[in-house]
Amino acid sequence: MTQLRLIIVLAGAAVLAATLVAASLLSAGEANTSTPAPAASDLFAGVPQDGLAVGDPDAPVTLVEYADLQCPYCAEWAVRTMPALVEDYVRTGQLRIVFHGLAFLGPDSDKAVRAAIAASAGDRLWNMVDGFYRSQGSENSGWVTDDLIGQIAAQAGLDGGELRDRGDESWVDEELSRANAAAQSAGVQGTPSFELGPTGGKLELVELSSLDPEGLTPLIDDLLE
Amino acid sequence: MTDARLRSVSAILALTGAGIAAYLLQVRSSGATLLCATGGCETVQGSRYAELAGIPVAALGLAGFAALFTLALVPGEPARLANAVVALGALGFGAYLLVIQVAVIGAVCQWCVATDLVTTALAALAVLRLRPESHRRETPRGAHPPRRARAAWRG
């Protein structure tokens, strides 16, 4: 009887563990191969961009985003919150957003952020950032292909080959170093992180309570009052 | 150790594990930053292995620990067997996730290691509960002493 109980328990545990492992491998495998083709976005159409920034340079409030283009939370925040910020605050000239790209998750982060920074020379960084978030694959699976860069660049009105070449230039290295230094100085410990404050004034690191617009809009409203 | 005592310790451990899983789930839904000494928590929690068919692994962990807590409160053979199945199954899945962290993701999350330790302890207690000697009941407080002891007391 004792031996039978042991067999029942071990068999049950083995089936449970095997089911979970198989489901995990299947789920991870699907995520690995499900990089969708990027869809064109008109989120930034008609909004002024200048290098790393989007929005009116004279906007009273500045938001600085520290992000890794492979970070799922960053992509989730971009999908859930960025459209509301652009429509309600950036387009109305109240908010300017600056992007500081980090590449701590690995090679695909590096390749994507270099292409995005390279696009800042043509004032199209935010189109590239938006395109990468909307096409995000699993980390370091090789999802940031030359084709993908080409597709997102084309939608932004840029040349993918030129962006890849520019991504290796020394000014892009310097921009990445500046972003890392700024993140360290601000006390950034994870992504996405944000600094918020009056334009030209002291920016404060934000303790984000939600990935939804409500995580930031009350703070922006306070600064606008 | 009696079954009642093993169940009490199991219940406390299951609550601890549920607390860790709930914290991971709360951080995931709010987008807040994880407290992390190893530096790999964000990488692991943001990886494609942090979800299973769209369900966060932390949510599965919370459900698993809740089940183990409930089973720890219930005496009897069916609950004992179910507790052992769930605890050993969770131990196997936890071992797989640890291998994934080290070999595939290349980062280790301290919270995952903490839940692995809790699960290991729960599995050990579940195995102990299967031993025949743990099934004996304690003499309730204030009850009469066993017959043989009573005879000796009478002289």
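Scope of this entry: the structure provided in the associated data block. What you see is a predicted model, and the numbers here were worked out from it, not measured in a lab. (Residues numbered from 1 in each chain as written. Chains lettered and ligands numbered in written order. Predicted model: local features only at pLDDT ≥ 70, side-chain atom pairs only at ≥ 80, totals over all residues.)

## Points about the interface of chain B and chain A
In step 1: Every contact between the two is made by 24 residues of chain B and, on the other side, 30 residues of chain A.
In step 2: Those elements that provide at least two residues to the side of chain B that touches chain A are α2 (41-45), β1 (51-52) and α4 (77-105) of chain B. (Contact = placed C-beta atoms within 7 Å. Helix = DSSP H or I, 4+ residues; strand = E, 2+ residues; numbered from the N terminus.)

## Section: the packing of helix α4 (residues 107-120) of chain A against helix α5 (residues 125-134) of chain A
Helices that pack against each other are described as a pair by the angle of their axes relative to one another and the distance between those axes.
Residue and element names in this part refer to chain A.
In step 1: It is at 7 Å that the axes of α4 and α5 come closest, and there the two elements cross at 155 degrees. With respect to α5, the axis of α4 lies roughly antiparallel. From α4, Ala112, Ala115, Ala116, Ile117, Ala119 and Ser120 reach across to α5, where they touch Leu125, Asn127, Met128, Val129 and Phe132.
In step 2: Partitioned by chemical class, the residues of the contact of α4 with α5 number 9 nonpolar, 2 polar and no charged. (Axes fitted to C-alpha atoms, helices over the stretch in contact; angles between N-to-C directions. Parallel < 35°, antiparallel > 145°, perpendicular 65-115°, else oblique. Nonpolar A, V, L, I, M, F, W, Y, C, P; charged D, E, K, R; others polar.)

## Some thoughts on helix α3 (residues 57-73) of chain B
It helps to recall that an α-helix has 3.6 residues per turn; residues three or four apart then point in one direction.
All names here are of chain B.
In step 1: For α3, built from 17 residues, the straight-helix expectation of 24 Å at 1.5 Å per residue is met to within 8% by its first-to-last C-alpha distance of 25 Å.
In step 2: Within the span of α3, buried status applies to Val57, Ala58, Gly61, Leu62, Gly64, Phe65, Leu68, Leu71 and Ala72.
In step 3: In this fold, the buried residues of α3 make contact with α1 (3-30), β1, β2 (55-56), α4 and α5 (110-130). (Expected span 1.5 Å × (residues − 1). Buried ≥ 20, exposed ≤ 12 C-beta atoms within 10 Å, placed from the backbone.)

## As for the sheet that holds strand β2 (residues 53-54) of chain A
Residues and elements named next belong to chain A.
In step 1: Taken in spatial order, the 6 strands line up as β1-β2-β4-β3-β5-β6 in an open sheet, and their pairing is mixed. Single-partner strands in this sheet number two, and they are β1 (49-50) and β6 (204-205).
In step 2: Bridge count between strand β3 (residues 61-68) and strand β4 (residues 95-102): 8 bridges; the pairing is parallel. Each bridged residue has a counterpart across the sheet, and for Glu65 the counterpart in β4 is Phe99.
In step 3: Running at roughly 60 degrees to β4, α5 makes contact with β1, β2 and β4 of the sheet. (Pairing = 2+ DSSP bridges.)

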